[in-house]
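# Coordinates in review
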Amino acid sequence: MKTRAAVLRETNADWSVEDIELDGPGPREVLVRTTAAGMCHSDEHARNGSMPVPLPIVGGHEGAGVVVEVGEGVAELAVGDHISASFVPSCGRCRWCADGQQHLCDLGMHLLAPGMLPPAGGFRHHDADGNDLTPMLKLGTFSEHKVVSIDSAVKVDPDVPAAIAALVSCGVTTGFGSVANRADVRPGDTVVVVGCGGLGSAALQAAKIAGASNIVAVDPAESKREAAGKFGATHTAESMEAAMETVGLVTGGVMADSVVLTPGVMSGEMLAPAQFLVRKGGTVVVAAVAPLEQMDVTFNLFEFAMLNKQLKGSMFGSASPRSEIPHLLSLYTQGQLDLDSFVSATYSLDEVNEGYRDLREGRNIRGVVVFD
């Protein structure tokens, strides 16, 4: 079938919105009509070359849609089902899935490889000249229709708004889980969240729901600092250095229990100020993406060891998508999790480049591509 998609052909180029050819679903795959796609910073990493992807790609890895056709061997989903397209696949059979760590599923090793996930493999997306296209992180949500593995599709309530179902497929789950699962925030804690876009705004709310007493939002953008209050921030600062005094005052010099790093672009030089913001035995969580080739960090190893501090990574908020996506959507429907305020702007597919300009210039918490 023919459909329209945003395609990236070379690094540092604009997305090209064009007609593409889409094959039917292979074994254990489904054809999905896309209803909404979140504009996550990871696609910008792909565009600028800091995340190596197999070009050309169909962009987008945060999205929701409706199943319109199922492939051979699909029993878990049926035509008409609504899904959230998790960029973290979960096979349910590998060691990690069996141990309740679906975010570490062995299928993740294929995310930056060409083509589709196994067992089907191969390509379903092709440009007008017949050239193969790889969907970004095996999803390609910047397309009116897409083929995805059922290992990347989580069934959701059809009453959930499309944009909300899209947001929990990546950014919200990553940010929320970085606080709830990795920082292990407890009532009365002091938490610092660095970077208040999509991930950071979810992290702020997770800290509030967990009962943190002091929640410090750090972001250079004044608009994001102003918005942070509605997500639970009790204090704000424009930089980690500026936050030192605030954190010291509210904790009586003890400092923060945890610092969660959720900037648009992670860099090694951010670790040192983060480690000095946390108390003895405190935790620094890195939830954002850094350029793949970055090896250098700024860190005081003596202080880190002697004060018994912790540094943790956080893939997908260390959450299992098949349980966490429905859980977060239930918090949303119960009014405990504000996701409507995340959507600071909506765009048509043809406006995808405008949306990423707004992201780069810090105008959005989360932009969303909506489809008719």
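In this report, the structure presented in the accompanying data block is examined. Just so it is clear, the structure is predicted and the values come from calculations on it, not from any experiment.

As a further point, take unusual backbone geometry. For the bond running from Leu55 to Pro56, omega is -5°, close enough to zero to count as cis. Inspection of the secondary structure puts Pro56 in the loop between helix 1 (41–48) and strand 4 (57–58). Backbone torsion omega between Pro118 and Pro119 reads 10°, so that peptide bond is classified as cis. Counting through the fold element by element, Pro119 comes out in the loop between helix 2 (95–98) and strand 7 (125–127). Even without being a glycine, Arg28 presents a positive backbone phi close to 60°. Its place among the elements puts Arg28 in the loop between strand 2 (16–22) and strand 3 (29–38).

Looking along a regular strand, one sees side chains alternate from face to face of the sheet. Pairing of strand 14 (residues 256–261) with strand 15 (residues 278–286) involves 5 bridges; the strand directions are parallel. Residue pairing across strands places Ser258 opposite Thr283, the latter belonging to strand 15.

When the charged atoms of two side chains lie near each other, side chains of opposite charge can form a pair. Counted by the stated rule, this structure contains 17 salt bridges. One salt bridge in this structure joins Arg28 and Glu76, with 3.4 Å as the shortest N-O distance. Here the residue Arg28 occupies a position in the loop between strand 2 and strand 3, and Glu76 occupies one in the loop between strand 5 (63–70) and strand 6 (82–85), the gap between them amounting to 48 residues. A residue is classified by how much of its surface remains accessible, and Arg28, at 22% relative accessible area, is partly exposed. Residue Glu76 is classed as partly exposed on the basis of its relative accessible area, which comes to 47%. Notably, a salt bridge pairs Asp151 with Arg28, separated by 4.0 Å at the nearest N-O pair. Of this pair, Asp151 sits in the loop between strand 9 (145–149) and strand 10 (153–156) while Arg28 sits in the loop between strand 2 and strand 3; the two residues are 123 residues apart in sequence, bridging distant segments of the chain. Overlapping salt bridges, with partners in common, bring together Arg4, Glu144 and Asp350 in one network.

Of note, Lys138 is situated in the loop between strand 8 (132–135) and strand 9. Buried and unpaired, Lys138 has Glu29 as its nearest opposite-charge partner, separated by 9.9 Å. When residues no more than four places from it in sequence are discounted, the contact partners of Lys138 are His110, Leu111, Ala113, Pro114, Gly115, Met116, Leu117 and Val148.

Core analysis: the largest hydrophobic core is formed by 81 residues, its most contacted members being Val30, Leu77, Phe87, Phe142, Val172, Leu204 and Leu339. Counting residues in each nonpolar core, the second largest holds 21 residues, with Val216, Leu261, Ala274 and Ala288 among its members.

Looking now at the environment of Pro118. Within the element layout of this structure, Pro118 appears in the loop between helix 2 and strand 7. Residues Pro118 and Val194 lie 76 residues apart in sequence; the distance between their C-alpha atoms is 37 Å. Ignoring sequence-local partners within four residues, the contact set of Pro118 consists of Leu107 and His110.

Reading the values: the criteria
Residues numbered from 1 in each chain as written. Predicted model: local features only at pLDDT ≥ 70, side-chain atom pairs only at ≥ 80, totals over all residues. Heavy atoms only, no water. Helix = DSSP H or I, 4+ residues; strand = E, 2+ residues; numbered from the N terminus. Pairing = 2+ DSSP bridges. Salt bridge = Lys/Arg side-chain N within 4 Å of Asp/Glu carboxyl O. Buried < 20%, exposed > 50% of the residue type's maximum accessible area, 1.4 Å probe, protein only. Lys, Arg positive; Asp, Glu negative; His and termini not counted. Contact = heavy atoms within 4.5 Å. Core = buried A, V, L, I, M, F, W, Y, C linked by side-chain atoms within 4.5 Å.

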